[in-house]
Amino acid sequence: MADIEAATLSVVRYLSSLEAVEDVKYAPRSPCTLQAIQQWESTNKPFKLPEDFKSFLMLSNGFLIHWNTALNGENIPLGLMHINPLRKIKQLAPSQLIGFLSTKVEGDDTFEQKEDVFAFDIDSCCRAGRVAFLYRGIRFENPQVWFQCLGCKWCFVADNFTNYFRLLLVHLGLPHWWYSFSDSGLDPVSRQWMQYFAPERLKVNMGNTKAKGNKKAAQTDYKAYDAKKQELTSIPRAIVKINLKSVDRYARQLNASMKRNSRKGAKAKRDSSQGLNE
């Protein structure tokens, strides 16, 4: 866990160094007690939390970094990195998993079709879908991390919590970054944000998408959701739609502002050179 702490501080320093980033907020949280973890496992028996997540909780009971971007003198909320505290790690209802069809994970011959699936929400602040620990069959420990997009499809993200947490950090909590692992991929606006703030990670994601063809995406029969089951789905679709429109507008403003600043800088440099020549 020491490398995770170092990586977290590195991300905070990196964000703070960017001119387009404002108000980076990160406050270490109090650790979780071993007794609280044991109580959770007793309440949710037979499910066991993964060992790396237990170690994380005993350093920090939950996690939150959020930051804004500066546009025309206004601070706009953009990045959010969040992990639920222990009390909010709650099991998803069967209606939220209905229609899930297991997809064989590359290199994992134990992943069987039509086996039972259980999931626990690990990021209640995610408006792009759901992020969950996924338990398969009768294996009630060492869950993987999967993401359910707004289209109700599930996709594999990471084999364990440590790998997921590293992905969370390298994507800087940018909007909809989980879709890099889905069959639909990033939308144009989210890709634009990533191109500006995390271009190297975007190249990796695009390369993985082309190479693997998104074989890890799980399939869900969306028609299986009737009206009542849709009511049980807690994803704020209307809010997401509004936010995407705002992000698109701000992205355009950011690009225009960067171009203006670039032209001003070039002009100032030319004027300075002419002054020296005279």
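Overview of the structure. Please read these numbers as outputs of a predicted model, since none were measured by experiment.

### Focus on helix α4 (residues 161-170)
Most of α4 is tucked away, with seven of its ten residues classed as buried. Listing the buried residues of α4 in full gives F161, T162, Y164, F165, L167, L168 and L169. Two or three places before T162, at the start of α4, stands the capping residue N160, its side-chain oxygen 3.3 Å from that residue's backbone nitrogen. Taken from the residues just after α4, L172 is the one with a positive phi, measuring 60 degrees.

### Quick look at the state of the cysteines
For the structure on display, the rule yields zero disulfides. For the unlinked cysteine C126, the closest cysteine sulfur is that of C125, found at 9.1 Å. The cysteine C155 is free of any disulfide, with C149 supplying the nearest cysteine sulfur at 6.5 Å.

### Considerations on the pattern of salt bridges
Opposite charge on two side chains makes pairing possible when the charged atoms of those side chains draw close. Using the criterion set out here, one finds five salt bridges in the structure. One salt bridge in this structure joins E51 and K54, with 3.3 Å as the shortest N-O distance. Taken together, the residues E51 and K54, both in helix α3 (residues 51-57) and three residues apart, mark about one turn of the helix. Measuring nitrogen to oxygen at the nearest pair gives 3.8 Å for the salt bridge that ties K203 to E200. Of this pair, K203 and E200 both sit in helix α6 (residues 199-212), three residues apart, which is roughly one turn of the helix. Classification of K203 by relative accessible area gives exposed; the value is 56%. Given the relative accessible area of 53%, E200 is considered exposed.

### Let's talk about the sheet that holds strand β4 (residues 90-91)
Across the sheet, which stays open at both edges, the five strands sit in the order β4-β6-β7-β8-β9 with antiparallel pairing between neighbours. A single partner strand is all that each edge strand has here, and the edge strands are β4 and β9 (154-158). Along the sheet, α4 contacts β7 (129-136), β8 (144-149) and β9; its crossing angle with β9, the most-contacted strand, is approximately 95 degrees.

### Things to note about the packing of aromatic side chains
One pass over the full model with this rule turns up 26 aromatic pairs. Seen in terms of ring centroids, F63 and F165 are 4.9 Å apart; in terms of plane orientation they differ by 75 degrees. Their pairing is edge-to-face. Taken as a pair, F63 in strand β2 (residues 63-71) and F165 in helix α4 lie far apart in primary sequence, 102 residues in all. Grouping residues by exposure puts F63 and F165 together as buried. Ring centres of F118 and F140 lie 6.3 Å apart, and the angle between their planes is 55 degrees; this geometry places the pair in the tilted category. Of this pair, F118 sits in strand β6 (residues 117-121) while F140 sits in the loop between β7 and β8; the two residues are 22 residues apart in sequence, bridging distant segments of the chain. Assessed through its relative accessible area of 25%, F118 is described here as partly exposed.

### Observations regarding the nonpolar core
Judged by nonpolar contacts, the single largest core of 55 residues is most densely connected at F147 and Y164. Counting residues per element, this core draws most heavily on α4, at six residues. The contacts of Y164, once residues within four sequence positions are left out, are I83, I122, V131, V145, V157, A158, W177 and W178. Judged by nonpolar contacts, the second largest core, of nine residues, contains L92, L97, A132 and L134.

### Some words on the sheet that holds strand β3 (residues 74-83)
An order of β1-β2-β3 is seen for the three strands of this open sheet, with the pairing classed as antiparallel. Looking at the sheet topology across the chains shown, the edges are occupied by β1 (21-26) and β3. Pairs of neighbouring strands in the sheet enclose a mean axial angle of 15 degrees, with direction left out of account. The pairing of β2 with β3 spans nine bridges and is antiparallel. What sits directly across from L64, in β3, is H82.

### Remarks on unusual backbone geometry
The omega torsion across K45 and P46 is 15 degrees, close enough to zero to call that bond cis. Tracing the backbone shows P46 in the loop between α2 (34-43) and α3. Residue L172 is not a glycine yet carries a positive backbone phi of 60 degrees. By relative accessible area, which is 4% here, L172 ends up buried.

### Considerations on the side chain of N205
You can see N205 is positioned in helix α6. Within the local environment of N205, its side chain forms a polar contact with the side chain of H171, the two groups lying 2.9 Å apart. Within polar-contact distance, the side chain of N205 engages the side chain of S180 at 3.1 Å.

Cut-off values and rules
- Residues numbered from 1 in each chain as written.
- Predicted model: local features only at pLDDT ≥ 70, side-chain atom pairs only at ≥ 80, totals over all residues.
- Heavy atoms only, no water.
- Buried < 20%, exposed > 50% of the residue type's maximum accessible area, 1.4 Å probe, protein only.
- Helix = DSSP H or I, 4+ residues; strand = E, 2+ residues; numbered from the N terminus.
- Polar contact = N/O pair within 3.5 Å; in protein donor to acceptor, adjacent residues only side chain to side chain.
- Disulfide = S-S within 2.5 Å.
- Salt bridge = Lys/Arg side-chain N within 4 Å of Asp/Glu carboxyl O.
- Pairing = 2+ DSSP bridges.
- Contact = heavy atoms within 4.5 Å.
- Axes fitted to C-alpha atoms, helices over the stretch in contact; angles between N-to-C directions.
- Phe/Tyr/Trp six-rings, centres within 6.5 Å; stacked < 30°, edge-to-face > 60°.
- Core = buried A, V, L, I, M, F, W, Y, C linked by side-chain atoms within 4.5 Å.

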